[in-house]
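Here is what each chain is made of, one letter per residue.
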Amino acid sequence: MDLTCVVRRDIKLLSKRKCNFSDAVLNPSQSVDIYPDSELTASFTIAKNKEIGVQCQACDLSALHINTDSASTENRGIHHKEGGWPRDVNPQESDQTARYRKKIEKDEAYSHAVLHLGQQMEHYIKQNNVFNIYEDYFTDAPDVPTPDPNPLRTLHLLKDPSPTRRAVTGLSWSPDGGTKLAAAYSDPFWKNLFDHKDNDSYIWNIERAVQPEIVLRSMSQLRSVSFNPRDQHILAGGSIYGAVGIWDVRKSQGPVECVPIDVGHSESVTSIIWSNSKAGGEFFSASGDGQVLWWDMRKLNAPIDALVLDPSATPRPENALSACCLEYDPSMPNKFLVGTRQGIVMNCNRRARTTAERIMCQYEAHLGPVHALHRHPQLPKIFLTVGDWTTNIWTEDIRDSPILTLRNQNVQLLAGAWSYTRPSVIFTAATDGALYLWDILAQRINPTLCSQVSESPLLSLSTQEQGKIMAVGSKDGRLSVIQISENLSTVTRNDKAALTSLLERETRREKTLEQRSKDGKSKQGAKASIVFHMAVASVAAATQSSLVVQQPQSPTSPSKKMFESLKETLQALHSKENTSNGECHEATGIEPSIDMMPAIDGQGSQINLSVSQPMESTVDQHLQTAEEAFFETMDQDILSRGMEEKQQS
């Protein structure tokens, strides 16, 4: 048996003195200093500190070791046995129990006890019947939602897994209830020319958002992505170089079909939308090259149809408008909207024959690019446009101006969408990293709610069809999944009716103003044309008379009479216009403004206003000033010619 001796020393004692190593033989201790080699030191590189961001989220399972007190458990049961019978009566024998029951019922004390208990029970029953304890009170009262302290709560903050920060430029929810979210990450075209960038895009699972569920491999960065509404495993994506591809996540991470380079777009694909076809495999894409191309996923060798965004009779690709976004509603399978960088929205029809017929009408929506288009989920004729500093609400019946305009002061908007469940709610994303919520039934001057989501600009926004979750992508690669509270996602009784009434009233008002504007422009055009032709005729007559007659013109010369008749005609034209304006107000049913009402003196009689009185509108004042200056110049010209002829004679 081996014996072992263990000596324990405190580590503090060992650290106080220097450790000298020696052989087992007792020799005098020797200390040797070994200096570092300079050649070996030069070959080493000093490691620098490096900071790496790590996404920290709550996990479903975690490992943790703790000491807890053990609790002992014991199972116990209760056996209910019928009791209350005397000992000589067996409860299991029905004859004995029946005989004993008859004996008790014949006793006088039993009858007195039953009567006494019956009176007490009757009293309590009558007392309970005074009030209906099951009645629902205030059933007709309106539902008042309780205020939510956090109406927009961030569920997940998903960062770009790649080491370089790329912007989130495209979002698409899966058709299986919105459990998955596809995000396209890309940078501007010129950045990819000089720096190496990652080309992967990702599909996130909202329920398990620790890391991407699927990686979409591509030869170039994807600018836009869209799920097939009939198959949750198929996606379409467009790259920054104009290529279009199809991904099937069941087969591989790379594209299963891809468009050849010389067949697709020449610029980045800004938007992709699946169309409502019989086979469910057709989609169309828009790009900055001014084309809208239709594709069939079964054969991507060439587009099945194309549209050049040039509204002229002979469309040319060099004159086409650059497309920024698309909007398509499956309930209108042949119509779609295109937003351009020039601020114009085109309402197109695919089934038309010529390009001029395909582009049915145009809306001058914004001063700059149209960043977002979205039709109302419940009112398809109503759509919103987002651009510059405004959010405009349009109807297809009016082209000149929007029926409602929501303005953000000093904040440029980059994305926007309607709420799928609350018909009057609009979400907009801005360059300051804030998310703005508008409820047009509550107020239209300032946003109803503002939530700061990120410090960088928000480039993309997409709302789930169920209306309770939305996704917002920023320029620094952060994808925020936001939960909308019940107050903002639940529709009330009169929301749709009130919104319909509001939009119809604004539509009627815009139609009336548009008609008045057209009538005013036509009258001003006719008036200017008459003045111009009469002035040209008078100048020609004056020139001809000055060439033929060698004597000064008398006050009763033909040219002077022509000018007098011109003035009388203009005065008559003014009076006719005033009369027609009054008839127009009576016909349209719009109350005329104060400057169009007839002037009345203190006695109640109407004052006859001449052409030179300052009671006309602003346009008439300018026209009147120009007419007076014209007549004055012509009169001076005639008098000067007469003086010259006198001197020559």
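Structure first, text after, so check above.
Being a predicted model, the structure only gives us computed values, none of them experimental.

Asker: I would appreciate a short explanation of the environment of Leu 449 in the present structure.
Answerer: By the secondary structure assignment, Leu 449 is in strand E25 (residues 449–452). With a relative accessible area of 24%, Leu 449 lands in the partly exposed category. Here the alpha-carbon distance between Leu 449 and Phe 427, two residues 22 residues apart in the chain, equals 9.6 Å. Ignoring anything within four residues of it in the chain, the contact list for Leu 449 reads Pro 151, Leu 152, Leu 435, Tyr 436, Leu 437 and Leu 488.

Asker: Hey, could you run me through the sheet that holds strand E7 (residues 231–239) in this one?
Answerer: Strand pairing in a sheet relies on backbone hydrogen bonds. The paired strands run either parallel or antiparallel. A sheet is described by the order of its strands in space; here four strands give the open sequence E6-E7-E8-E9, paired in antiparallel fashion. Edge strands, defined here as strands with exactly one partner in the open sheet, are strand E6 (222–228) and strand E9 (255–258). Neighbouring strand axes in the sheet, compared pairwise and without regard to direction, differ in orientation by 25 degrees on average. Two elements, strand E8 (residues 244–248) and E9, share three bridges in a ladder whose sense is antiparallel. Bridge pairing in E9 links Trp 247 to Pro 255.

Asker: Got a minute to help me understand the nonpolar core in this structure?
Answerer: Looking at soluble globular proteins, one finds that nonpolar side chains tend to be buried together. Ranked by internal contacts, the top residues of the largest apolar core, which has 22 residues, are Ile 382, Ile 393, Trp 418, Ile 426, Ile 440 and Leu 503. Only strand E19 (382–387), strand E21 (404–407), strand E22 (413–418), strand E23 (425–430), strand E24 (434–439) and helix H8 (495–548) provide two or more residues apiece to this core. If we ignore the near neighbours within four places in the chain, the residues touching Ile 426 are Leu 384, Ile 393, Leu 406, Ala 417, Trp 418, Tyr 436, Leu 437, Trp 438 and Ile 440.

Asker: Is there a simple way to explain empty space enclosed by the protein in this structure?
Answerer: In this approach the atoms are scanned with a rolling probe the size of a water molecule, which exposes any empty space left behind. Scanning all chains against the criterion turns up two cavities of 30 Å³ or more. For the second largest cavity, the calculated volume is near 30 Å³.

Asker: What's the story with a nonpolar patch on the surface in this structure? I'm lost.
Answerer: Together, Ile 104, Tyr 110 and Val 114 give the surface a local cluster of nonpolar side chains, amounting to about 240 Å² of exposed area. Topologically, Ile 104 is positioned in helix H3 (residues 94–105). Look at Ile 104 and you get partly exposed, because its relative accessible area is 33%.

Asker: Could you clarify how one ought to interpret the sheet that holds E24 in this entry?
Answerer: Taken in spatial order, the four strands line up as E22-E23-E24-E25 in an open sheet, and their pairing is antiparallel. With one partner strand each, in any of the chains shown, E22 and E25 form the two edges of the open sheet. Ignoring which end each strand starts from, the neighbouring axes of this sheet average 20 degrees apart. With five bridges joining them, E23 and E24 adopt antiparallel strand pairing. Bridge pairing in E24 links Phe 427 to Leu 437.

Parameters and conventions
Residue indices begin from 1 for each chain and proceed along its sequence in written order. At least 70 in pLDDT is required for a residue's local features to be given in this predicted model, at least 80 for side-chain atom pairs to be given and counted, and no such filter applies to totals for whole chains, interfaces and linings, which use all residues. Hydrogens are left out, water is left out, and the side-chain values use all remaining heavy atoms of the structure. Every helix listed is a DSSP run of H or I at least four residues long, and every strand listed is a run of E at least two residues long, numbered separately from the N terminus. Partly exposed describes any residue whose relative accessible area lies between the buried limit of under 20% and the exposed limit of over 50%, with all areas from a 1.4 Å probe on protein chains only and scaled to the type maximum. It only takes one pair of heavy atoms within 4.5 Å for two residues to be counted as in contact. Only strands joined by at least two bridges in the DSSP assignment are considered to pair. Angles shown run from 0 to 180 degrees and are taken between the N-to-C directions of axes, each axis being a line fitted to C-alpha atoms and, for helices, limited to the stretch in contact. Here the nonpolar core consists of buried residues drawn from Ala, Val, Leu, Ile, Met, Phe, Trp, Tyr and Cys, with membership extended through side-chain atoms lying within 4.5 Å. Both site types are read off a 1 Å grid over the protein atoms alone. A 1.4 Å probe that fits but cannot get out defines a cavity, while an open set with protein on both sides within 12 Å along at least five of seven lines defines a pocket; lining residues have an atom within 4 Å of a point. Grid points are joined across faces, edges and corners, and a volume is the space filled by probe spheres set on the points. Each patch is built from residues lacking any salt bridge and having more than 30% relative accessible area; the joining distance is 9 Å for like charges and 5 Å for nonpolar side chains (Val, Leu, Ile, Met, Phe, Trp, Tyr). Residue exposure ignores everything except the shown protein chains as possible cover, and the areas themselves are Shrake-Rupley values with a 1.4 Å probe. In what follows, salt bridge is the name for a side-chain nitrogen of Lys or Arg lying within 4 Å of a carboxyl oxygen of Asp or Glu.

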